[in-house]
Amino acid sequence: MHIQTALENREPFMDEAEFNAVLEGHSGMLGRIAASYEMEMSAREDLLQDIAVALWRALPKWRGEGSLRGFVARIAHNRGVSHIMTERRHSHVEVFEEALVDQQADPQRDAAHHQRHERLLRALRRLSLGQRQVVTLVLEGFSHVEIADILNIKPNTVDARVSRARRTLADYLERQA
């Protein structure tokens with residue numbers, strides 16, 4: 001049975017197997033979202049644990065309105081924002097993403113991929129938090145309407161943030177070329 005269908009038909013209590021299925025089914029997206037907020041691996045792992053706790057608390061309240069994927073992304077982004085605000089209060093060091101790099105058999109291709117990836121991540125880190133959020137969700141394949149729902153903003157705001165982010169990214173990448 002599809003996990004979203006199973007959760008829609010479940011009792012209010014969520015068992016560990018259902019929860020683990022949600023985490024496993026969304027692990028890639030959750031990892032990328034966490035990476036968009038946290039550069040250091042150990043801090044990213046802490047953030048992923050915080051996201052898991054927040055999901056554990058929130059999933060029983062999910063009423064099946066909208067997609068499970070969107071709900072999970074909303075919880076992850078909200079937890080990421082809280083994480084950043086807490087970190088900024090505790091330190092003045094800016095933290096953001098360093099996404100996981102797949103290990104390939106070809107070292108030259110890996111190095112080139114890693115360089116392109118690093119260049120893009122540096123550019124993404126230059127975006128405002130609001131722009132970074134919408135870009136991360138666009139890259140996850142969410143529509144602008146879904147992003148508006150996830151971030152609790154208007155679709156026009158999503159459009160504007162995406163447009164500004166594209167210009168900022170293009171300008172930065174052009175200067176770095």
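All figures in this text were calculated on a predicted structure; none of them were measured in a lab.

Draft legend 1. Quick peek at the overall build of the protein chain. For the protein chain, the count of helices and strands is nine helices and zero strands. Across the protein chain, helices and strands are ordered from the amino to the carboxyl terminus as α-α-α-α-α-α-α-α-α. Counting all 177 residues of the protein chain, 38% fall into the buried class. Looking at the protein chain alone, contacts between residues at least 24 apart form 68% of all its contacts between residues at least 6 apart. For the protein chain, the exposed surface amounts to about 10500 Å²; the carbon and sulfur share of it is 51%.

Draft legend 2. Structural detail: the environment of Lys 154. Topologically, Lys 154 is positioned in the loop between α8 (144-151) and α9 (155-176). Residues Lys 154 and His 144 lie ten residues apart in sequence; the distance between their C-alpha atoms is 9.3 Å.

Draft legend 3. Molecular detail of helix α2 (residues 16-25). Turning to α2, its buried residues number three or more, namely Glu 18, Phe 19 and Val 22. Down the axis, α2 shows its buried residues gathered within 100° of arc, on one side only. Exposed positions of α2 whose direction lies more than 90 degrees from the buried face are Glu 16, Ala 17 and Glu 24. In this structure Asp 15 caps α2, since a side-chain oxygen of it lies 3.1 Å from the backbone nitrogen of Ala 17.

Draft legend 4. Highlighting the confidence of the model for the protein chain. Residue-level pLDDT values for the protein chain average 81, and 82% of them are 70 or greater. The secondary-structure element of the protein chain with the lowest mean pLDDT is helix α1 (residues 3-8), recorded at 51, while α8 shows the highest, at 94. Within the model, pLDDT remains below 50 along residues 91-104, and this stretch shows 42 contacts once partners closer than five positions in the same chain are excluded.

Draft legend 5. Representation of the nonpolar core in the model. One finds Leu 55 and Leu 59 to be the most contacted residues of the largest nonpolar core, which totals 39 residues. Looking at which element gives the most residues to this core, the answer is helix α5 (residues 68-90), with seven residues.

What counts and how
- Residues numbered from 1 in each chain as written.
- Predicted model: local features only at pLDDT ≥ 70, side-chain atom pairs only at ≥ 80, totals over all residues.
- Heavy atoms only, no water.
- Helix = DSSP H or I, 4+ residues; strand = E, 2+ residues; numbered from the N terminus.
- Buried < 20%, exposed > 50% of the residue type's maximum accessible area, 1.4 Å probe, protein only.
- Contact = heavy atoms within 4.5 Å.
- Areas by Shrake-Rupley, 256 points an atom, 1.4 Å probe, with all protein chains shown as cover.
- Arc of directions from axis to C-beta.
- Polar contact = N/O pair within 3.5 Å; in protein donor to acceptor, adjacent residues only side chain to side chain.
- pLDDT = per-residue confidence, 0-100.
- Core = buried A, V, L, I, M, F, W, Y, C linked by side-chain atoms within 4.5 Å.

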